[in-house]
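Coordinates in review
Chain by chain, the residues run as shown.
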Amino acid sequence: MFWVLLLLLAWAVAGTACTRLCLAAVHSAAADTDTGREHDLTLYEAAFLSGGPRRVADLTLVSMARQRRLLLARTGWATVVDPRGRDDIEQSVIGAIGPEGQSRIEPVRDAAAGAEAVGTLAERLVRAGLAVPAGARTNIAAAVRQVQFAAAVVLALGATALLLPGASDLPRHLVALWFGLPLTLTLSCLAIARAEIHPYSRWASPAGQRLLTALTRHRGAGDRAYLTTVAVHGIRAIGEPDLRAAFEHREQAWRD
């Protein structure tokens, strides 16, 4: 009857993993409320929800460059034209460029992305239920991996029980059937999780994703529409060849 002990172990592993996944799913569903339904996203908020702190820095650089308050050269350098920032994030970009008024773009981007102003923006979005809280997505992913591991363990325990000679008074197909029950539990949990658990992006919660979708549908026209596209899609949405070249050059220039 040694196979019974293996079966109990299989149920313990499967039950623990599935319980953790269910709790993580319930927690994420509770976080996805109607919060933010009436919220109008700013460009900075849209940039953060789409690409995180670095996207906010990129959007700020592009916006200031289009207003001729910042010069972004094809060689990957940023030069301050107007040292007066219109908000905290612009001031952080100007401060990252430094007192000489000129710096390579990549370190400016990194410094601006880590600035206090962007951190405050992130905290505000998390409180509003629009951004993914720290660890929320990680918890679900870890729970799914645990269930996947549990399924593999159940298979291994079942195979061990079947391969042990003379280990059971039951026919082998009945032993396999008993182990098939916890295996079915784990596979069912994985299937339900795939279909039902909200698909978090790296930055935006489900509520934030809905607002991003609405923003892209009603982005208007003109300069704001252009900046909205950059905020949502990143620097690949930049249309000007010179400006695009400045961003494409930045990583190479930073390595030199």
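Calculation notes
Residues numbered from 1 in each chain as written. Predicted model: local features only at pLDDT ≥ 70, side-chain atom pairs only at ≥ 80, totals over all residues. Heavy atoms only, no water. Helix = DSSP H or I, 4+ residues; strand = E, 2+ residues; numbered from the N terminus. Contact = heavy atoms within 4.5 Å. Areas by Shrake-Rupley, 256 points an atom, 1.4 Å probe, with all protein chains shown as cover. Pairing = 2+ DSSP bridges. Axes fitted to C-alpha atoms, helices over the stretch in contact; angles between N-to-C directions. Patch = residues over 30% accessible without salt bridge, like charges linked within 9 Å, V, L, I, M, F, W, Y side chains within 5 Å. Salt bridge = Lys/Arg side-chain N within 4 Å of Asp/Glu carboxyl O. Expected span 1.5 Å × (residues − 1). Buried < 20%, exposed > 50% of the residue type's maximum accessible area, 1.4 Å probe, protein only. pLDDT = per-residue confidence, 0-100. Core = buried A, V, L, I, M, F, W, Y, C linked by side-chain atoms within 4.5 Å. Polar contact = N/O pair within 3.5 Å; in protein donor to acceptor, adjacent residues only side chain to side chain. Parallel < 35°, antiparallel > 145°, perpendicular 65-115°, else oblique. Left-handed = near helix turned anticlockwise from the far one by under 90°. Nonpolar A, V, L, I, M, F, W, Y, C, P; charged D, E, K, R; others polar.

1. Let's talk about the overall build of the protein
Assigned secondary structure in the protein consists of ten helices and three strands. Ordering the α and β elements of the protein from the N terminus gives α-α-β-β-α-β-α-α-α-α-α-α-α. Across the protein, every contact between residues at least 6 apart in sequence was considered, and the portion connecting residues at least 24 apart equals 71%. Element-wise, carbon and sulfur atoms account for 59% of the exposed surface of the protein, whose accessible area totals about 13800 Å².

2. Brief notes about the sheet that holds strand β1 (residues 70-72)
Spatial strand order, β1-β2-β3: three strands in an open sheet with antiparallel pairing. Looking at the sheet topology across the chains shown, the edges are occupied by β1 and β3 (102-104). When the angles between neighbouring strand axes are averaged without regard to direction, this sheet yields 20°. Summarising the sheet, strand β2 (residues 77-80) and β3 pair through three bridges and their orientation is antiparallel. Along β3, the bridge assignment pairs Trp77 with Arg104. Contacting β1, β2 and β3, helix α3 (residues 88-97) runs over the sheet at an angle of about 110° to β2.

3. Topic: a nonpolar patch on the surface
On the surface, Trp11, Leu170, Trp178, Leu181 and Leu185 cluster together to form a nonpolar patch covering roughly 430 Å² of accessible area. Sorting elements by how many residues they give to the nonpolar patch places helix α7 (residues 172-196) first, with three residues. Inspection of the secondary structure puts Leu185 in helix α7.

4. Some words on helix α2 (residues 43-66)
The first and last C-alpha atoms of α2 sit only 15 Å apart over 24 residues, clearly below the 34 Å expected at 1.5 Å per residue. Extensive coverage of α2 is indicated by the burial of 19 of its 24 residues. Arg68 sits one or two residues past α2 and shows a positive phi near 60°.

5. Overview of the confidence of the model for the protein
Taken as a whole, the protein shows an average pLDDT of 85; of its residues, 87% reach a score of 70 or greater. Across the protein, α3 holds the top mean pLDDT of 95, while helix α10 (residues 241-255) sits lowest at 67. Below pLDDT 50 for its whole length, residues 251-256 participates in seven contacts with residues either more than four positions away or in separate chains.

6. Structural notes on unusual backbone geometry
Phi at Arg68 is positive, roughly 60°, even though this residue is not glycine. Mapped onto the elements of the fold, Arg68 is located in the loop between α2 and β1.

7. A word on the nonpolar core
With 47 residues, the main nonpolar core has Leu49 and Leu72 as its most contacted residues. In terms of residues, this core owes the most to one element, α2, which gives 13 residues. Apart from the residues within four sequence positions on either side, Leu72 is in contact with Leu61, Ala65, Trp77, Ala78, Ile105, Leu243, Ala246 and Phe247. Counting residues in each nonpolar core, the second largest holds 13 residues, with Leu7, Val153, Val154 and Val175 among its members.

8. Looking at the environment of Ser50
Following the sequence through the fold, Ser50 ends up in helix α2. Residue classification places Ser50 among the partly exposed residues on the basis of a relative accessible area of 22%. For the pair formed by Ser50 and Leu212, sequence separation is 162 residues and the distance between their alpha carbons is 7.9 Å. When residues no more than four places from it in sequence are discounted, the contact partners of Ser50 are Arg55, Trp203, Leu212, Ala231 and Val232. A polar side-chain atom of Ser50 sits 2.8 Å from the main-chain carbonyl oxygen of Ala46.

9. Examining the packing of α2 against helix α9 (residues 222-233)
For the pair α2 and α9, interaxial distance at closest approach is 7 Å and the crossing angle is 135°. Classified by the angle their axes make, α2 and α9 are oblique. For α2 against α9, the interelement crossing comes out right-handed. Residue-level contacts link Leu43, Ala46, Ala47, Ser50, Arg55, Leu59, Val62, Ser63 and Arg66 of α2 to Asp223, Arg224, Tyr226, Leu227, Thr228, Val230, Ala231, Val232 and His233 of α9. Across the contact of α2 with α9, the residue classes break down as ten nonpolar, four polar and four charged.

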